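Reading the structure
Next come the chains, spelled out residue by residue.
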Amino acid sequence: MDEPENGDEDGPSVPRVGYEYLDHTADVQIHAWGTSLRQAFEQSALAMFGYMTELDTIEEQMTHSIETSGHDLESALYNFLDEWLFHFCAEPNFIPFRIEITDWREDPQDGSFHIEALGLGEVFDLNKHPQGTEVKAITYSAMQINQRTDYVETFVIIDI
């Protein structure tokens, strides 16, 4: 992961981009943040993969792209994470260490979102990548997307 940029001088020293795991009964809650919706979504996906293995063991051997959409922000986040999870679970079991949203469009007519993203990584290999916890599904339960000027945070519960 890139070196985090620290927050402003007035607030606590929190990385400008990042994620953490919060305890949740029988599941795990991902708290991710960034200076934009793109960054917060990217960090949410990285947090999910970071729960499955150690991201620093993944090398850049291939790229994989996804395309998804949602009728609102919550469904866009859900579908974004679900699409990445699908590509991990299906052959060739792609796991990225970096995700970059390459196209982000909001339809001003209906408020829907279209997202295209690129992942850099490799095929998951138990001989190389330590096995973390299996992620079974993304949930809408307690999902939050909070936006402020220059700061966006997401909260997503993943079923493990």
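Cut-offs and rules
Residues numbered from 1 in each chain as written. Predicted model: local features only at pLDDT ≥ 70, side-chain atom pairs only at ≥ 80, totals over all residues. Heavy atoms only, no water. Helix = DSSP H or I, 4+ residues; strand = E, 2+ residues; numbered from the N terminus. Contact = heavy atoms within 4.5 Å. Polar contact = N/O pair within 3.5 Å; in protein donor to acceptor, adjacent residues only side chain to side chain. UniProt positions renumbered as here; feature names shortened; annotations may be inferred. Pairing = 2+ DSSP bridges. Axes fitted to C-alpha atoms, helices over the stretch in contact; angles between N-to-C directions. Phe/Tyr/Trp six-rings, centres within 6.5 Å; stacked < 30°, edge-to-face > 60°. Buried < 20%, exposed > 50% of the residue type's maximum accessible area, 1.4 Å probe, protein only. Salt bridge = Lys/Arg side-chain N within 4 Å of Asp/Glu carboxyl O.

**Some details on the environment of Thr35**
Structurally, the position occupied by Thr35 is in the loop between strand 2 (27-34) and helix 1 (37-52). As for Thr35 and Arg16, which are separated by 19 residues in sequence, their C-alpha atoms are 6.4 Å apart. In this view, Thr35 contacts Arg16, Asp150 and Tyr151; residues no more than four positions away in its chain are not counted. Within the structure, the side chain of Thr35 is placed 2.6 Å from the side chain of Gln39, a separation counted as a polar contact.

**What about the UniProt feature "domain: Archease" (unreviewed entry) in the protein?**
When the UniProt feature table is mapped onto this chain, "domain: Archease" (unreviewed entry) is found at residues 19-160. Along residues 19-160 the backbone is 23% helical and 44% strand, and the end-to-end C-alpha distance reaches 18 Å.

**Some thoughts on the sheet that holds strand 3 (residues 62-70)**
For sheets, the rule is that strands pair by backbone hydrogen bonds, running either parallel or antiparallel. One open sheet holds the three strands; their spatial order is 3-5-4, and the pairing between them is antiparallel. Edge positions in the sheet fall to strand 3 and strand 4 (94-106), since each of these pairs with one other strand and no more. On average, adjacent strands in this sheet sit at an angle of 20° to one another, irrespective of strand direction. In this structure, strand 3 lies alongside strand 5 (residues 113-123), joined through nine bridges in antiparallel fashion. Residue pairing across strands places Glu67 opposite Glu116, the latter belonging to strand 5. Each of strand 3, strand 4 and strand 5 touches helix 2 (residues 73-89); the most contacted strand, strand 3, lies at about 150° to it.

**Structural notes on the packing of aromatic side chains**
Under the definition given, this model contains eight aromatic pairs. Ring plane angle 70° and centroid distance 5.3 Å describe the contact between Phe88 and Phe124, whose orientation is recorded as edge-to-face. Taken together, the residues Phe88 in helix 2 and Phe124 in the loop between strand 5 and strand 6 (137-138) connect sequence positions 36 residues apart. The burial state of Phe88 is the same as that of Phe124; both residues are buried. Three or more aromatic residues joined by ring pairs form one cluster here, namely Phe49, Trp84, Phe88, Phe94 and Phe124.

**Thoughts on the environment of Asp125**
Checked against the element boundaries, Asp125 lands in the loop between strand 5 and strand 6. Expressed as a C-alpha distance, the spacing of Asp125 and Cys89, which sit 36 residues apart in the sequence, is 12 Å. Side-chain polar atoms of Asp125 contact the backbone nitrogen of Asn127, separated by 2.9 Å.

**Topic: the pattern of salt bridges**
Using the criterion set out here, one finds six salt bridges in the structure. The salt bridge partner of Lys128 is Glu59, with a shortest N-O separation of 2.8 Å. Of the two residues, Lys128 sits in the loop between strand 5 and strand 6 while Glu59 sits in the loop between helix 1 and strand 3, which places them 69 residues apart along the sequence. Overall, Lys128 belongs to the partly exposed group, its relative accessible area being 30%. Here Glu59 falls in the partly exposed class, since its relative accessible area comes to 42%. Salt-bridge contacts for Asp103 lead to Arg105; the nearest nitrogen and oxygen are separated by 2.7 Å.

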